[in-house]
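# Descriptive structure summary
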Amino acid sequence: QVQLVESGGGLVQAGGSLRLSCAASGRTFSSLSMGWFRQAPGKEREFLGAISRSGTTTYADSVKGRFTISRDNAKNTVYLQMNSLNPEDTAVYYCAARLNYISAYATRYDYWGQGTQVTVSS
């Protein structure tokens, strides 16, 4: 079993930045591929990006160049650095983990955090 806890969400003005963290426990972190998703009210959960066990990253076109995912295996933590935020980025942000290769599909992730709210004001 894997437990994931996100932190770092909050209120930010348009054009600002936030860094989200997701701390994992319960399994060797380096064995996990990690993904970031978000869900806005009335919308489906959206893939943002993922990082493999070896550190390879992939991003959705909607955030490419603005968002960066990294991981620190010594701290059992994955990060989502978000820059140039706009009101359309307002959502609950989730991290997810799976034991296999990275995936853009939410249904392929086995473990989820509780989510952290990000609100971007105009």
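Residues numbered from 1 in each chain as written. Predicted model: local features only at pLDDT ≥ 70, side-chain atom pairs only at ≥ 80, totals over all residues. Heavy atoms only, no water.

### Quick notes on the overall build of the protein chain
Helix and strand counts for the protein chain stand at zero helices and eleven strands. Each helix and strand of the protein chain, ordered N terminal to C terminal, gives the series β-β-β-β-β-β-β-β-β-β-β. Taken against the 2.2 N^0.38 rule, which gives 14 Å for 122 residues, the C-alpha radius of gyration of the protein chain at 13 Å falls within 12% of a compact globule. With the principal axes as the frame, the protein chain shows a C-alpha extent of 40 × 25 × 25 Å. Within the span of the protein chain, comprising 122 residues, buried residues form 44% of the whole. Partitioning the contacts of the protein chain with sequence separation of at least 6, the portion at a separation of at least 24 is 58%. Side chains of the protein chain give 12 positive and 8 negative charges; the mean places of these two sets differ by 7 Å. (Helix = DSSP H or I, 4+ residues; strand = E, 2+ residues; numbered from the N terminus. Rg over C-alpha atoms; globule rule 2.2 N^0.38 Å. Buried < 20%, exposed > 50% of the residue type's maximum accessible area, 1.4 Å probe, protein only. Contact = heavy atoms within 4.5 Å. Lys, Arg positive; Asp, Glu negative; His and termini not counted. Charge placed at Lys NZ, Arg CZ, Asp CG, Glu CD.)

### Concerning the sheet that holds strand 3 (residues 18–25)
With respect to topology, four strands assemble into an open sheet ordered 1-3-8-7, the strand pairing being antiparallel. The open sheet has two edge strands with one neighbour each: strand 1 (3–7) and strand 7 (67–72). Going from strand to strand, the sheet's axes swing by 15° on average, the running direction of each strand aside. As paired strands, strand 1 and strand 3 are joined by five bridges and run antiparallel to one another. Within strand 3, the position partnered with Val5 by the bridge is Ala23. (Pairing = 2+ DSSP bridges. Axes fitted to C-alpha atoms, helices over the stretch in contact; angles between N-to-C directions.)

### Quick word on the packing of aromatic side chains
Think of a pair of aromatic rings as described by two things: how far the centres are apart, and how the planes are tilted against each other in angle. Applying the stated rule across the entire model yields five aromatic pairs. Aromatic side chains Phe37 and Trp112 sit 5.0 Å apart centroid to centroid with 55° between the ring planes, which places their arrangement in the tilted category. Of this pair, Phe37 sits in strand 4 (residues 33–39) while Trp112 sits in strand 10 (residues 111–112), and the two are 75 residues apart along the sequence. On the basis of relative accessible area, Phe37 is assigned to the buried category, the value being 1%. (Phe/Tyr/Trp six-rings, centres within 6.5 Å; stacked < 30°, edge-to-face > 60°.)

### Remarks on the environment of Thr56
Within the secondary structure, Thr56 is located in the loop between strand 5 (46–51) and strand 6 (57–59). Through-space distance from the C-alpha of Thr56 to that of Ser70 is 9.1 Å; in sequence the pair is 14 residues apart. Setting aside its immediate chain neighbours within four residues, Thr56 contacts Ala50, Ile51 and Ile102.

### Some remarks on the side chain of Thr77
When you line up the elements, Thr77 lands in strand 8 (residues 77–82). The class of Thr77 is buried, set by a relative accessible area of 9%. Among the polar contacts listed, one links the side chain of Thr77 to the backbone oxygen of Lys75, at a separation of 2.8 Å. Not counting the four nearest positions on each side in its chain, Thr77 is found in contact with Ser21, Cys22, Ala23, Phe29, Ser70, Arg71 and Asp72. (Polar contact = N/O pair within 3.5 Å; in protein donor to acceptor, adjacent residues only side chain to side chain.)

### Concerning the nonpolar core
Counting residues in hydrophobic clusters, the biggest one holds 35 residues, and the most contacted among them are Leu4, Met34, Trp36, Leu80, Met82 and Tyr93. If you list the elements that add at least two residues to this core, you get strand 3, strand 4, strand 5, strand 7, strand 8, strand 9 (91–98) and strand 11 (116–121). When residues of this core are assigned to their parent elements, the largest contribution, five residues, is made by strand 9. Once you skip the residues sitting within four places of it in the chain, Tyr93 turns out to touch Glu6, Leu20, Phe37, Arg38, Leu48, Phe67, Leu80, Met82, Gly115, Thr116 and Val118. (Core = buried A, V, L, I, M, F, W, Y, C linked by side-chain atoms within 4.5 Å.)

Remember, this is a structural readout, not a statement about activity or role.
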